[in-house]
Amino acid sequence: MTDSRIVKEQMVAMAAEKFVATVALPLSIEDRTIGVFSVYWSELHKLTQEELNILNTFAQFMAIFLENIKTFERLASEKQKTKSMVYSLQDGLMVYDINGKISEVNPRLIELLLIKREAVMGKSFAELSGELDVNLKNVADILLLAIDDFETTEYAIVDPANKFFRITQVPL
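Residues numbered from 1 in each chain as written. Predicted model: local features only at pLDDT ≥ 70, side-chain atom pairs only at ≥ 80, totals over all residues. Heavy atoms only, no water.

Trainee: Would you mind showing me how to read the nonpolar core here?
Mentor: Nonpolar side chains in soluble globular proteins tend to end up buried together. Judged by nonpolar contacts, the single largest core of 19 residues is most densely connected at M94, I102, L113, V120, L128 and V139. Listing elements by their share of this core, those giving two or more residues are β4 (102–105), α3 (107–113), α6 (134–144), β5 (152–157) and β6 (163–168). Sort the elements by how many residues they give to this core and α6 lands first, with 5 residues. If you look at the next biggest cluster of nonpolar residues, it comprises 9 residues, including L25, F37, L55 and A63. (Core = buried A, V, L, I, M, F, W, Y, C linked by side-chain atoms within 4.5 Å. Buried < 20%, exposed > 50% of the residue type's maximum accessible area, 1.4 Å probe, protein only. Helix = DSSP H or I, 4+ residues; strand = E, 2+ residues; numbered from the N terminus.)

Below, the structure written as C-alpha cells:
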C-alpha cells in the first residue's frame, strides 16, 4: 500500500483481512458527501474505466438510497408527532382525502359522535349514507356539509341525543 490517502488504521485493517487493493468512492448528494463506498481486493487489481464507471454509478445510487432512508425516518417521526398532537386535541377531528374517504379520526370525535373508528376509516359519504346506524349517518351528513375553506357552520344532531357542533373546513 503506497497511497498516502489511506490512513494507518485502514491499512492495518486491510492487512489483517489480507486485502492488498482498494478503491474508495464518495457517497455524495448534490454538494454534500455523506459517506464513502469502498471495495477491497485480496489480489493486486488494476481498475478498468468500465469498473470505475459501474462503481461510481453504484455509489451514486447508494448515496440516494441512504438519503431516502433518512428522509423516510424523518417523515415517519413527523407523522408520529402530528398524530400525537391530533389525538390530544379537545376538539373532534376528521380528515378525509381527495376522494372523500375518511383517513383519520381522533379519539375526541369518536367520543362526540359515538362512533367506532373502524366503522368510518376508509369510508366515503356514499358508503356511510346507506348505514342504518344513526351515528354513522351523522358522519355522512357532516361530510356532505358545503363549507368553504376556513369557514365554520353550526351543525345539530338529534339522534341519539341533541348535540350542537361548530364544524370548520380546513384544507390540509
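Next, the rest of the story.
Trainee: Would you mind showing me how to read the pairing of β5 here?
Mentor: Examined bridge by bridge, β5 and β6 share 6 bridges and lie antiparallel to one another. By the bridge assignment, E154 is partnered in β6 with R166. Between β5 and β6, which pair antiparallel in sequence order, lie 5 residues. (Pairing = 2+ DSSP bridges.)

Trainee: Help me understand the packing of aromatic side chains, please; the structure alone is not making it clear to me.
Mentor: Geometrically, a pair of aromatic rings is defined through the distance of the ring centres and the angle of the planes. Here the structure, examined in full by the defined rule, presents 2 aromatic pairs. Both rings, one in F19 and one in Y40, keep their centres 5.2 Å apart while their planes meet at 25°; by these two values the pair is stacked. In this pair, F19 sits in the loop between α1 (8–16) and β1 (21–29) while Y40 sits in strand β2 (residues 32–41), placing the two residues 21 residues apart along the sequence. Judged by centre distance (5.0 Å) and plane angle (50°), the rings of F37 and F58 are tilted. Here F37 is found in strand β2, whereas its partner F58 is found in helix α2 (residues 49–88), with 21 residues between them in sequence. Residue class for F37 comes out buried when judged on its relative accessible area of 17%. (Phe/Tyr/Trp six-rings, centres within 6.5 Å; stacked < 30°, edge-to-face > 60°.)

Trainee: Please explain unusual backbone geometry as it appears in this structure.
Mentor: For residues besides glycine, phi is generally negative; the peptide bonds are generally trans as well. Despite not being glycine, E30 has its phi angle at roughly 50°, a positive value. Looking at where E30 falls in the secondary structure, it is placed in the loop between β1 and β2. Not every positive phi belongs to a glycine, and F150 is a case in point at roughly 70°. Residue placement: F150 occurs in the loop between α6 and β5. Note on F150: relative accessible area 63%, which makes it exposed.

Trainee: In this structure, what is going on with the pattern of salt bridges? I would like to understand it.
Mentor: Should the charged atoms of two oppositely charged side chains come close, the side chains can pair. Considering all chains together, one arrives at 5 salt bridges under this definition. A salt bridge links E78 to K81; the nearest nitrogen and oxygen atoms lie 3.3 Å apart. In this pair, E78 and K81 are both assigned in helix α2, 3 residues apart and thus about one turn of the helix distant. A relative accessible area of 43% means that E78 is categorised as partly exposed. E127 is paired through a salt bridge with K101; the nearest N and O atoms lie 3.3 Å apart. (Salt bridge = Lys/Arg side-chain N within 4 Å of Asp/Glu carboxyl O.)

Trainee: For this particular structure, what's the right way to read the confidence of the model for the protein chain?
Mentor: Detail in the predicted coordinates should be disregarded across regions flagged by low pLDDT. When pLDDT is averaged across the protein chain, the result is 88; 97% of the residues are at 70 or more. In the model of the protein chain, α1 stands out as the element of lowest mean pLDDT, 78, in contrast to α2, which has the highest, 94. (pLDDT = per-residue confidence, 0-100.)

Trainee: Which parts of the structure should I look at to understand the pairing of β2?
Mentor: Every regular strand shows the same layout, with side chains that alternate between the two sheet faces. In terms of strand pairing, β1 meets β2 through 9 bridges, oriented antiparallel. By the bridge assignment, A24 is partnered in β2 with S38.

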